[in-house]
Amino acid sequence: MTRARMPRPHEVAAARRDPRLVRALSERDLDPTWRTRGLCQSVDPETFFPAPSEPADAAVALCRTCDVQGSCLAWALDVGDCHGVWGATTPRERRAMLVAWRSEVHSAPYDAERLAGMNVLRVLEQVGAASG
Ligand code: SF4
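This is a predicted model, so every value here is computed, not measured. Every chain is numbered on its own, with residues counted from 1 as its sequence reads. Residue-level local features of this predicted model are given only where pLDDT is at least 70; pairs of side-chain atoms are given and counted only at 80 or more, and the full residue set underlies all totals for whole chains, interfaces and linings. Processing note: side-chain calculations cover all non-hydrogen atoms of the structure and skip hydrogens and water entirely.

S.K.: In this structure, what is going on with the overall build of the protein? I would like to understand it.
M.R.: The numbering of helices and of strands both runs from the N terminus, where a helix is a DSSP run of H or I of at least 4 residues and a strand a run of E of at least 2. Across its full length, the protein holds eight helices and zero strands. Starting at the N terminus, the α and β elements of the protein follow one another as α-α-α-α-α-α-α-α. The 132 residues of the protein split such that 39% are buried. Residue contacts are counted whenever heavy atoms from the two residues lie within 4.5 Å of one another. A fraction of 66% describes how many contacts in the protein between residues 6 or more apart in sequence connect residues 24 or more apart. In short, Shrake-Rupley with a 1.4 Å probe defines the accessible areas, and a residue's cover is counted only from the protein chains shown. For the protein, the exposed surface amounts to about 8,300 Å²; the carbon and sulfur share of it is 56%. Burial here depends on accessible area, computed with a 1.4 Å probe over protein chains only, as a share of the maximum for the residue type. Under 20% is buried, over 50% is exposed, and the range in between is partly exposed.

Shown next as structure tokens:
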């Protein structure tokens, strides 16, 4: 078994700007019932836990059309889940996001100010949730 390396600073910086993480920050604690509304409810759970050598494209594509992807990713980052696809992210992507997440979540006044100035529609478009 190989150990995952620590994310590099540029990876964390990119993760901090990732629209999926921004959405997760804005939708954290927004809807405690998000699990019951996930599109994955009607799909084989194995789809979301591919082997390391297998692509996660099918799961990520489904997540991108899911209304609760922000809450889902927020949950995965809150608990530090390192397995499977959550909120349209792979475990590898979440490693860098987790570092950014912990610093963002623990600096609440900064978050509120930053999120208040964001164009939410633009964020949703970038993550594919505002189309259709
Ligand atoms: S974002 Fe993906 S994993 Fe999360 S609830 Fe939606 S379909 Fe399921």
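S.K.: In this structure, what is going on with the packing of helix α1 (residues 9–17) against helix α6 (residues 91–105)? I would like to understand it.
M.R.: Two quantities define a packed helix pair, namely the angle between the axes and the distance from one axis to the other. Contact geometry for α1 and α6: axes closest at 8 Å, N-to-C directions at 65 degrees. If you check the angle between α1 and α6, you find them roughly perpendicular. Regarding α1 and α6, the two cross each other, and that crossing is right-handed. Residue-level contacts link Glu11, Val12, Ala15 and Arg16 of α1 to Ala96, Met97, Val99, Ala100, Ser103 and Glu104 of α6. Counted by class, the contact of α1 with α6 contains six nonpolar, one polar and three charged residues. Note on method: axes are straight lines fitted to C-alpha atoms, helices fitted across the in-contact stretch only, with angles between N-to-C directions ranging 0 to 180 degrees. Relative orientations are named as follows: roughly parallel for angles under 35 degrees, roughly antiparallel for angles over 145 degrees, roughly perpendicular for angles from 65 to 115 degrees, and oblique for any other angle. Rotating anticlockwise by less than a right angle from the far helix to the near helix defines a left-handed crossing, while the corresponding clockwise rotation defines a right-handed one. Polar here means any residue other than Ala, Val, Leu, Ile, Met, Phe, Trp, Tyr, Cys and Pro, which are nonpolar, and Asp, Glu, Lys and Arg, which are charged; Gly is therefore polar.

S.K.: Mind showing me how you'd approach the site of the ligand here?
M.R.: One heavy atom within 4 Å of a molecule or strand makes the whole residue count as near it. Around the ligand, a shell composed of Gly38, Leu39, Cys40, Phe48, Cys63, Cys66, Val68, Gln69, Cys72, Val85 and Gly87 is seen. Among the residues making up the shell around the ligand, the classes are represented as eight nonpolar, three polar and no charged.

S.K.: What am I meant to see in the packing of aromatic side chains here?
M.R.: The geometry of an aromatic ring pair is captured by two quantities: the separation of the ring centres and the angle between the planes. Two rings belonging to Phe, Tyr or Trp (six-membered ring only in the last case) form a pair when the distance between their centres is within 6.5 Å. Interplanar angles under 30 degrees mark stacking, angles over 60 mark edge-to-face geometry, and anything in between is tilted. Considering all chains together, one arrives at two aromatic pairs under this definition. Look at Trp34 and Trp75: their rings are 6.3 Å apart centre to centre, the planes differ by 50 degrees, and that puts the pair in the tilted class. Placement of the pair is Trp34 in helix α3 (residues 34–37) and Trp75 in helix α5 (residues 69–79), with a sequence separation of 41 residues. Ring centres of Trp75 and Trp86 lie 4.9 Å apart, and the angle between their planes is 50 degrees; on these two criteria the pair is classed as tilted. Here Trp75, found in helix α5, pairs with Trp86, found in the loop between α5 and α6; they are 11 residues apart in sequence, far enough to count as distant. For Trp75, a relative accessible area of 27% gives the class partly exposed. Residue classification places Trp86 among the buried residues on the basis of a relative accessible area of 15%. Among the aromatic residues, those joined into a ring-pair cluster are Trp34, Trp75 and Trp86.

S.K.: Would you explain the UniProt feature "binding site: [4Fe-4S] cluster" (unreviewed entry) in the protein in this entry?
M.R.: UniProt positions are given in the numbering used here, feature names are shortened, and annotations may be inferred rather than shown by experiment. Under the UniProt annotation, "binding site: [4Fe-4S] cluster" (unreviewed entry) lies at Cys40, Cys63, Cys66 and Cys72. What stands out for the annotated residues spanning 33 residues is how close their C-alpha atoms remain, the widest pair being 11.1 Å apart. Among the residues examined, Cys72 registers a relative accessible area of 10% and is labelled buried. Once you skip the residues sitting within four places of it in the chain, Cys72 turns out to touch Trp34, Trp86 and Gly87.

S.K.: Teacher, can you tell me more about the confidence of the model for the protein here?
M.R.: For any part of a model where pLDDT is low, the fine detail of the predicted coordinates should not be relied upon. Known as pLDDT, the predictor's confidence for each residue is given on a scale from 0 to 100. When pLDDT is averaged across the protein, the result is 83; 78% of the residues are at 70 or more. Highest mean pLDDT in the protein belongs to helix α4 (residues 57–64) (97); lowest belongs to helix α8 (residues 120–126) (46). Predicted confidence is poor over residues 109–124, with pLDDT under 50, and the contacts of this stretch with residues over four places away or in other chains come to 19 contacts.

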